[in-house]
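# Overview (structure and organization)
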Amino acid sequence: MSRSTTRVRRLSMDAGRSVPGPGMPGAGGALTPAVTGLRIGVAPHRLWAATESELDGVLEHARLAERLGFDHLIAGSHLLDTELGPTLEPVTMLAVIAGATSRIRLATSVLILPLYNPVVLANQAATLDRLSGGRFTLGVGTGWHAGEFEAVGSPFGERGRRTDEYLATLRTLWEKDSATVKIAAAPSTPGGPEVWVGGGSTAALRRAVRFGDAWHGSGLDPKALRETHIRLRDLADAAGRPEPAVTVGGFLVPPGFDTAVEAPGHHLGGARPTAASVLDELGELAAAGATAYSLWLPVPTAQFADALAWVAEQVVAAS
């Protein structure tokens, strides 16, 4: 048995004994590092899989992430096989994972909202919220791949306006007492699942203020997050609305692991990360206002479980 496989099994067994259940002290990110206070999540497959078979292990990886104490799992969204490779439909994938797990939260990061019928999605999200025990978060964005919009007959140039309209529709349909049209099953979470709104433009930040429980950024270093947080706070003040929470996603190739694909932009912990540099940066991100950090691991699928174990041991469980 390899040393890395032994580490996965040992950490999995230890986490299985120590992670509290829902409602117990520390549940929902029980092992998140005290040094940062952030809720740490992860995608259950490598970044930008090259083949569909590399996505077949998401259930195994989801169960492992739960046992290791991660706070949440994330799922990306593309309708077509783009240059980023094959992608599982996120609501369906998270619904299957919900049935295979009991504690870990589930989030789309992000679902391309204008590609979906908002009434159908409102019902899907409410159903997943109810059957998962309120563990689902709907993270949304406007999208960037024009071919996907053409494939579904949705005007690419109207994606921002449609995202605003669809978010308003979702919120209305989830409010049991205000909707004139009732979806088939109401969510168990009052007002519907938590909503994260992605995007770095001023329009996206305004959208987060208007509709979001949180703004969801990507690939930001602490300086960029501080600057964005100030913009978000100013927009919330100008609109007379509460400031949404701040969540961030990013990339990490743990030390000693191979890089399967070169992810663009900033990497957590720097170009040559160590456990110390990763924890230091997470602490700075928390100080800049972040409440959660979601990881994409661009490592080979054969190394993915070991990479999860490294993050669990060096980051999630560090205190």
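I will try to describe carefully the structure that is included in this document.

What counts, and where the lines are drawn
Residues numbered from 1 in each chain as written. Predicted model: local features only at pLDDT ≥ 70, side-chain atom pairs only at ≥ 80, totals over all residues. Heavy atoms only, no water. Helix = DSSP H or I, 4+ residues; strand = E, 2+ residues; numbered from the N terminus. Buried < 20%, exposed > 50% of the residue type's maximum accessible area, 1.4 Å probe, protein only. Contact = heavy atoms within 4.5 Å. Areas by Shrake-Rupley, 256 points an atom, 1.4 Å probe, with all protein chains shown as cover. Phe/Tyr/Trp six-rings, centres within 6.5 Å; stacked < 30°, edge-to-face > 60°. Lys NZ or Arg CZ within 6 Å of the ring centre and 35° of its normal. Core = buried A, V, L, I, M, F, W, Y, C linked by side-chain atoms within 4.5 Å. Pairing = 2+ DSSP bridges. Right-handed = clockwise from strand over helix to strand, strands pointing away. Axes fitted to C-alpha atoms, helices over the stretch in contact; angles between N-to-C directions. Parallel < 35°, antiparallel > 145°, perpendicular 65-115°, else oblique. Left-handed = near helix turned anticlockwise from the far one by under 90°. Nonpolar A, V, L, I, M, F, W, Y, C, P; charged D, E, K, R; others polar.

## Section: the overall build of the protein chain
Counting secondary structure elements, the protein chain contains 10 helices and 9 strands. Per-residue burial for the protein chain yields a buried fraction of 50% across its 319 residues. Intrachain contacts of the protein chain at a sequence separation of at least 6 include 74% that bridge at least 24 residues. Taken as a whole, the protein chain presents about 13600 Å² of accessible surface, with 53% of it coming from carbon and sulfur.

## Here we look at unusual backbone geometry
Note that the residue after Ser109, namely Val110, is joined by a cis bond; omega there is -10 degrees. Checked against the element boundaries, Val110 lands in the loop between strand E3 (105–108) and strand E4 (111–112). Phi angles above zero are rare outside glycine, and Trp48 is one such case at about 55 degrees.

## Some points on the packing of aromatic side chains
In this description, a pair of aromatic rings is defined by centroid distance and the angle of the planes. Throughout the structure, instances matching the rule amount to 1 aromatic pair. Here the aromatic rings of Phe149 and Phe156 are separated by 5.3 Å at their centres, their planes lie at 80 degrees, and the arrangement is edge-to-face. Residue classification places Phe149 among the buried positions, given a relative accessible area of 1%. For Phe156, a relative accessible area of 28% translates into the label partly exposed. In this structure, Arg159 is placed above the aromatic ring of Phe156, and the distance from its NZ or CZ to the ring centre is 3.9 Å.

## A word on the side chain of His61
Checked against the element boundaries, His61 lands in helix H2 (residues 58–67). In this structure, His61 is in contact with Pro44, Phe304, Ala305 and Leu308, ignoring residues within four places of it in sequence.

## A closer look at the nonpolar core
Within the largest apolar cluster, 76 residues are counted, with the highest numbers of intra-cluster contacts made by Phe70 and Leu297. With 8 residues, helix H10 (residues 304–316) is the single largest residue contributor to this core. For Phe70, the residues in contact, after removing those within four places along its chain, are Ile40, Gly41, Val42, Ala65, Arg103, Ile104, Leu308, Val311, Ala312 and Val316. Formed by 10 residues, the second largest nonpolar core is a distinct cluster that contains Leu47, Ala107, Ala214 and Phe251.

## Here's the deal with the environment of Ala125
Tracing the chain through its elements places Ala125 in helix H4 (residues 118–131). Between the C-alpha atoms of Ala125 and Pro187, which are 62 residues apart in sequence, the distance is 7.7 Å. Each residue touching Ala125, except ones within four places of it in the same chain, is listed here: Phe136, Trp174 and Pro193.

## Quick look at the pairing of strand E8 (residues 245–251)
Along E8, 6 of the 7 residues are buried, which leaves the element largely enclosed by surrounding structure. With 5 bridges connecting them, strand E7 (residues 214–218) and E8 associate as parallel partners. Across the sheet, residue Ala214 finds its bridge partner in E8, namely Ala245. Read as a crossover between parallel neighbours, the route from E7 over helix H8 (residues 222–239) to E8 is right-handed. With helix H9 (residues 275–287) bridging E8 and its parallel neighbour strand E9 (residues 290–296), the resulting β-α-β unit is right-handed.

## A closer look at the packing of H4 against helix H6 (residues 159–174)
H6 packs onto H4 with a crossing angle of 50 degrees between their chain directions and a minimal axis gap of 9 Å. Taken together, the axes of H4 and H6 are oblique relative to one another. With respect to the hand of their crossing, H4 and H6 are arranged in right-handed fashion. Across from Pro118, Val119, Leu121, Ala122, Ala125 and Ala126 in H4, the residues of H6 making contact are Tyr166, Thr169, Leu170, Leu173 and Trp174. The residue inventory of the contact of H4 with H6, partitioned by class, reads 10 nonpolar, 1 polar and no charged.

## Observations regarding the side chain of Thr247
When you line up the elements, Thr247 lands in strand E8. Given a relative accessible area of 1%, Thr247 falls into the buried group. Every residue in contact with Thr247, bar those within four places of it in the chain, is listed here: Trp196, Ala214, Trp215, His216, Gly217, Thr291 and Ala292.

## Topic: the pairing of strand E5 (residues 136–141)
Among the 6 residues of E5, 6 are classified as buried, and the element is accordingly described as predominantly covered. Neither face of E5 is left uncovered, since the one carrying Phe136, Leu138 and Val140 and the one carrying Thr137, Gly139 and Gly141 both have all their residues buried. Two elements, E4 and E5, share 2 bridges in a ladder whose sense is parallel. Bridge pairing in E5 places Ile112 opposite Gly141. Crossover E4 to E5 through H4 is right-handed. By the bridge criterion, 4 bridges tie E5 to strand E6 (residues 194–198) in an arrangement that is parallel. Bridged to Gly139 within E6 is Trp196.

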